Protein chains: 2
Amino acid sequence: MTQNIYDDGMFFAEYSRLRRSVEGLDGAPEWPALRALLPELHGRRVLDLGCGFGWFCRWARQQGAARVLGIDVSERMLAQARATTQDPAIAYTRADMEALELPAGSFDLAFSSLALHYVQDLDRLVREVHGSLAPGGSLVFSVEHPVFTAPAKPGWSRGADGRATWPIDSYLDQGPRSTVWLTKGVIKHHRTVAAYLNTLIKCGFAIAQVEEWGPTEEQVQSQPALAAERQRPPFLLVGAKRL
Amino acid sequence: MTQNIYDDGMFFAEYSRLRRSVEGLDGAPEWPALRALLPELHGRRVLDLGCGFGWFCRWARQQGAARVLGIDVSERMLAQARATTQDPAIAYTRADMEALELPAGSFDLAFSSLALHYVQDLDRLVREVHGSLAPGGSLVFSVEHPVFTAPAKPGWSRGADGRATWPIDSYLDQGPRSTVWLTKGVIKHHRTVAAYLNTLIKCGFAIAQVEEWGPTEEQVQSQPALAAERQRPPFLLVGAKRL
């Protein structure tokens, strides 16, 4: 089973204070880039893998999605999602992405924001998602970028000229990483960029667009804390089409 | 015009001593992985962009390719390629990849080994290559990996635990990098993994496979100097199909 760190009380309290938790999609600096990968949603059936507080589910309905299913492993997040949703076309279901089973051909878009790096068996999940999409359907997701998840001891260093550098090691050694993120012992599964893409291709997706997200100059101006993120991308964004 | 560093006397002398120059394809540790991306060559028309000494051109003919055109900007390399080739079905032509023009639909495979990172206008070249391939044709290439080309001052560091780390910066700032490789002032054009892939997709290729190459355990055993390359991939390998 995927580690359910979001139901850890201390983690949940910290996570709930993040800007993206309080402000929703517009509080996530990568959202404009991720949104740009999405297909037209009007009348479409949408699946959100790792829906958290349900921000994307509600936004998809505002865009005219016919119905939305949000999946998450965290009871606490689903409770808050349900408490803040009044829309019979949105359903939230508790499920573990390692064992998720989905009805065939029942969605037009599978979406996932910063959740798939928690999944150990990505092949299995992508096959399941492929089967759940109608032909021509889309898979759009973001994950922590592999250069971000690779290091045994991730963190910024300073180069000789004072510039922030991000030392990489262990990039080709795929597998779990125990990291400190809001709390200790958060397990993320490092895989390479190639592994993400080849898994999609092998399961029957065509890669439509790949983005290695970093903040724009305007975002750095308004949020100077983001500046270092231009030295190495924190997020990998992928748009793919079911063949 | 692409910098023609290979016609610099000192660079050429150093390059000529590299294992891959002396031993050919089998002297390049990434060759088995690159070869695995190639289609069946029997009866096919092959283009080699940055053919150097012509090792791949001659190998392609051994695999039964109908004819092979090797393109390079270096007079010295082409002279050596011609001097070591006795095969009327192989032609070598001097051309600058920034301005290359190719006849439409005249190849089944476009191949390039460690040359496209010298090209400034990749969009133009990929459009040209796309037009030169028959429908269903393949583009297979290797380049220096973007995590390798990104840093302003590339080089290994030692982590606190003595482990080799590769500090990254400037990843999202695409453009030329003046580096020391065999000699000073070698100009390579850094672009992101996403930029390589999106350029191919935009020009009408489907991504078939992506590899971030590092040495196998067996290769590290027989060539211990390769060990650090597993910390971050030195090469990006891509197989794509013309739609």
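The coordinates are above.
Residues numbered from 1 in each chain as written. Chains lettered and ligands numbered in written order. Predicted model: local features only at pLDDT ≥ 70, side-chain atom pairs only at ≥ 80, totals over all residues. Heavy atoms only, no water.

Here the focus is the overall build of chain A. When helices and strands are tallied, chain A shows nine helices and 11 strands. What you see for chain A is a C-alpha radius of gyration of 18 Å, in line with the 18 Å of a compact globule of 243 residues. If one aligns the C-alpha atoms of chain A with their principal axes, the spans along those axes are about 55 × 40 × 35 Å. In chain A, buried positions account for 59% of the 243 residues. A sequence separation of at least 24 residues applies to 65% of the contacts in chain A between residues at least 6 apart. Carbon together with sulfur atoms contributes 52% to the accessible area of chain A, which is approximately 10,000 Å² in total. (Helix = DSSP H or I, 4+ residues; strand = E, 2+ residues; numbered from the N terminus. Rg over C-alpha atoms; globule rule 2.2 N^0.38 Å. Buried < 20%, exposed > 50% of the residue type's maximum accessible area, 1.4 Å probe, protein only. Contact = heavy atoms within 4.5 Å. Areas by Shrake-Rupley, 256 points an atom, 1.4 Å probe, with all protein chains shown as cover.)

Glancing now at helix α1 (residues 9-17) of chain B. Residues three or four positions apart in an α-helix share a direction because the helix packs 3.6 residues into each turn. All names here are of chain B. Turning to α1, its buried residues are Phe 11, Phe 12 and Tyr 15. Down the axis of α1, the buried side of the element spans an arc of 95 degrees, and every buried residue falls inside it. Every exposed residue of α1 that faces more than 90 degrees away from the buried side is listed here: Met 10 and Arg 17. Where α1 begins, the side chain of Asp 8 points an oxygen toward the backbone nitrogen of Met 10, at a separation of 3.1 Å. (Arc of directions from axis to C-beta. Polar contact = N/O pair within 3.5 Å; in protein donor to acceptor, adjacent residues only side chain to side chain.)

Moving on to the side chain of A:Asp96. Looking at where A:Asp96 falls in the secondary structure, it is placed in the loop between β3 (90-94) and β4 (107-113). Residues contacting A:Asp96, with those up to four places away along its chain left out, are A:Met1, A:Thr2 and A:Val73.

Moving on, we get to the relation of the copies chain A and chain B. Both copies of the chain are related by one operation, a rotation about an axis with a shift along it. Between chain A and chain B, which share one sequence, the superposing operator has a rotation angle of 180 degrees and an axial displacement of 0.0 Å; the RMSD is 0.0 Å. Both copies are brought into coincidence by an operation consistent with a two-fold rotation axis. Closest approach to the rotation axis within chain A is made by the C-alpha atom of A:Pro167, at a distance of 1.9 Å. (Least-squares fit on C-alpha atoms with pLDDT ≥ 70 in both.)

Quick look at the packing of helix α1 (residues 9-17) of chain A against helix α5 (residues 75-83) of chain A now. All names here are of chain A. α5 packs onto α1 with a crossing angle of 40 degrees between their chain directions and a minimal axis gap of 11 Å. What the angle tells us is that α1 and α5 run oblique. Facing Gly 9, Phe 12 and Tyr 15 of α1, the residues of α5 in contact are Arg 76, Met 77 and Gln 80. Of the residues belonging to the contact of α1 with α5, the class tally is three nonpolar, two polar and one charged. (Axes fitted to C-alpha atoms, helices over the stretch in contact; angles between N-to-C directions. Parallel < 35°, antiparallel > 145°, perpendicular 65-115°, else oblique. Nonpolar A, V, L, I, M, F, W, Y, C, P; charged D, E, K, R; others polar.)

This brings us to the nonpolar core. Taken as a class, soluble globular proteins show a tendency for nonpolar side chains to be buried jointly. Among the nonpolar cores identified, the biggest contains 80 residues, and A:Val129, A:Leu200, B:Val129 and B:Leu200 are the most heavily contacted of them. Other than its neighbours up to four places away in sequence, B:Leu200 contacts B:Val126, B:Leu139, B:Phe141, B:Phe205, B:Ile207, B:Val238 and B:Ala240. (Core = buried A, V, L, I, M, F, W, Y, C linked by side-chain atoms within 4.5 Å.)

With that settled, consider unusual backbone geometry. With a phi close to 70 degrees, A:Leu182 is a non-glycine residue in the positive phi region. Residue position: A:Leu182 is located in the loop between β8 (175-181) and β9 (183-190). Residues other than glycine seldom take positive phi values, yet B:Leu114 does so here, at roughly 50 degrees. Following the sequence through the fold, B:Leu114 ends up in the loop between β4 (107-113) and α6 (122-132). We classify B:Leu114 as buried; its relative accessible area is 16%.

This part is about the environment of A:Val193. As for its position among the elements, A:Val193 is in helix α8 (residues 193-202). Considering only alpha carbons, one finds A:Val193 and A:Pro146, 47 residues apart in sequence, at a separation of 6.2 Å. If we ignore the near neighbours within four places in the chain, the residues touching A:Val193 are A:His145, A:Pro146, A:Tyr171, A:Leu236, B:Val193 and B:Glu212.

Okay, the packing of aromatic side chains next. Residues and elements named next belong to chain A. The full count for this structure, using the stated rule, is 32 aromatic pairs over all chains. Ring pairing ties together the aromatic residues Tyr 6, Phe 11, Phe 12, Tyr 15, Phe 53, Tyr 118 and Trp 181, which thus form one cluster. For the cation-ring pair, Arg 58 lies above Trp 55, with the distance from its terminal atom to the ring centre recorded as 5.2 Å. (Phe/Tyr/Trp six-rings, centres within 6.5 Å; stacked < 30°, edge-to-face > 60°. Lys NZ or Arg CZ within 6 Å of the ring centre and 35° of its normal.)

For the rest of this paragraph, the subject is the pairing of strand β2 (residues 67-72) of chain B. In the case of a regular strand, side chains alternate between the two sheet surfaces. Residues and elements named next belong to chain B. Taking burial as the measure, the six residues of β2 include five buried ones, the bulk of the element. Bridge count for strand β1 (residues 45-49) against β2 is five bridges, and the pairing is parallel. Looking across to β2, one finds that Arg 45 is bridged to Arg 67. For the segment spanning β1, helix α4 (residues 55-62) and β2, crossover handedness is right-handed. Alignment of β2 against strand β3 (residues 90-94), held across five bridges, turns out to be parallel. Within β3, the position partnered with Asp 72 by the bridge is Arg 94. Chirality of the crossover, the property in question, places the unit of β2, helix α5 (residues 75-83) and β3 among those that are right-handed. (Pairing = 2+ DSSP bridges. Right-handed = clockwise from strand over helix to strand, strands pointing away.)

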